[in-house]
Amino acid sequence: MADEIRLAFSHPSERAIATAGEAPRDRIMVRDLVLEAEIGAFQAERGTTQRLRFDVVVEVAPLTSPVEDDVDRILSYDRLSEAIAHELAAERLNLLETLAERVAERILLEPQAMRAFVRIEKLDRGPGALGVEIVRTRRDFGDHLAALADEAARTRPHPRVAYLSNDAIADPRLGAWIDALLSGDAPVVLCVGAPDLPAPQTGHKMTQRRIDLLAIEQNGWCLAARDARCKVVATRTELDWAMRNGQLCVWAPSKIVLDATEGPQVQPRDAVALAAWFAGAMEARELLVVGATPPASARVPVRAATLDDAAL
């Protein structure tokens, strides 16, 4: 009995360990995340915010191959805090129990997530912390989890992808063009080609492809040097985070191209066509090509703009 009482008040991570059974799993967690929200059934809790403390532990399915220091192969911590933020923003709730249930459900949408421990405490309702803790698995949500996954897919950000030629990158109007791109209601991802410099030639198809992809990435860093808002991003995990958080990205193509199960059929030297492939993979709402010839084909709408065209 003493152990049961101790576990009842222990951190969710300790409870996860104690109830792991014979098949313990890896875990990721967010601890002591304090956010303000309007929540509560009492009239005194309406029209005002109060502090909530979140502790979340998620058991994840073990990987069948090495992680290889690759963020796209693991469940990112950001997905936990984003699940909390999403449910806090969705609607005002009366009960912590409802909020905890929805946070757990959204976390269990992640393919790697197997079991979620969610503890939420109100910090301003009394001399101590008042809260709830729940434990949920995928089985607890049944078919509703599939319906929520469909909803999440429909609400996934659809960016505007803009390809900038080297002349556009060097143009003094670059900052104004970026201002115009960011004024829209969609996240923006920028693509570039190789710089106007001779690249090493290997005479070997595979190694030349890697060199040409790296040349594009070097040019992306040159663009980032021109405008501090541009952040060079290489992984899908970081791209997804950046789009949800309003960060302007410059696509560094090597990882996504080389890891793709259905990669581009074009060579990196055809940078506009590569940008069109990327726009399709991102389900972009459009591809804007600035200062270059549009691609012959694309899976998304394509729009071209000259360097004298301010309507970006």
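Look a little higher up for the structure.
Just so we're clear, the structure is a prediction, and the values are computed from it rather than from any experiment. (Residues numbered from 1 in each chain as written. Predicted model: local features only at pLDDT ≥ 70, side-chain atom pairs only at ≥ 80, totals over all residues. Heavy atoms only, no water.)

Focus on the overall build of the chain
- Helix and strand content of the chain: 11 helices and 10 strands.
- The 312 residues of the chain split such that 43% are buried.
- The contacts of the chain with a sequence gap of at least 6 include a subset with a gap of at least 24, amounting to 62%.
- If you sum the accessible surface of the chain, you get close to 16,600 Å²; carbon and sulfur atoms cover 53% of it. (Helix = DSSP H or I, 4+ residues; strand = E, 2+ residues; numbered from the N terminus. Buried < 20%, exposed > 50% of the residue type's maximum accessible area, 1.4 Å probe, protein only. Contact = heavy atoms within 4.5 Å. Areas by Shrake-Rupley, 256 points an atom, 1.4 Å probe, with all protein chains shown as cover.)

A few points about the nonpolar core
- Formed by 48 residues in total, the largest nonpolar core has its most connected members in L190, L223, L239, W251 and F278.
- By residue number, the principal contributor to this core is helix 11 (residues 271–281), which donates eight residues.
- Excluding residues that lie within four positions of it along the chain, L190 makes contacts with A162, L164, L181, L223, C230, L248, C249, V250 and W251. (Core = buried A, V, L, I, M, F, W, Y, C linked by side-chain atoms within 4.5 Å.)

Observations regarding the sheet that holds strand 2 (residues 50–60)
- Overall, antiparallel pairing links the four strands, which are arranged 1-2-3-4 in an open sheet. Whereas interior strands pair on both sides, the edge strands pair on one side only; in this sheet they are strand 1 (26–37) and strand 4 (130–137). Here the strands of the sheet are splayed against their neighbours by 15° on average, with no regard to which way each runs.
- Against the sheet, helix 3 (residues 77–90) makes contact with strand 1 and strand 2, and its axis sits at roughly 35° relative to strand 1, the strand it touches most.
- The strands that helix 4 (residues 96–107) touches are strand 2, strand 3 (113–122) and strand 4; relative to strand 4, the one it contacts most, it runs at about 35°. (Pairing = 2+ DSSP bridges. Axes fitted to C-alpha atoms, helices over the stretch in contact; angles between N-to-C directions.)

As for the pattern of salt bridges
- Scanning the model with the defined rule gives 24 salt bridges in all.
- Taken together, the shared-partner salt bridges connect R79, E82, E110 and R244 into one network. (Salt bridge = Lys/Arg side-chain N within 4 Å of Asp/Glu carboxyl O.)

A few points about helix 8 (residues 205–226)
- Taking 1.5 Å per residue, 22 residues should reach 32 Å; helix 8 reaches 32 Å between its end C-alpha atoms and fits that length.
- Among all positions of helix 8, only Q208, D212, L213, A215, I216, E217, N219, G220, L223 and A224 are buried. (Expected span 1.5 Å × (residues − 1).)

Points about the pairing of strand 5 (residues 160–164)
- For strand 5, the tally of buried residues reaches five of five residues, placing the bulk of the element in the interior.
- Of the two faces of strand 5, both are covered, the one formed by R160, A162 and L164 as well as the one formed by V161 and Y163.
- Here four bridges tie strand 5 to strand 6 (residues 188–191), and the two strands are oriented parallel to one another. In the sheet register, A162 faces strand 6, and the bridge partner there is L190.
- Alignment of strand 5 against strand 9 (residues 286–290), held across five bridges, turns out to be parallel. Of the residues in strand 9, the one forming a bridge with Y163 is V289.

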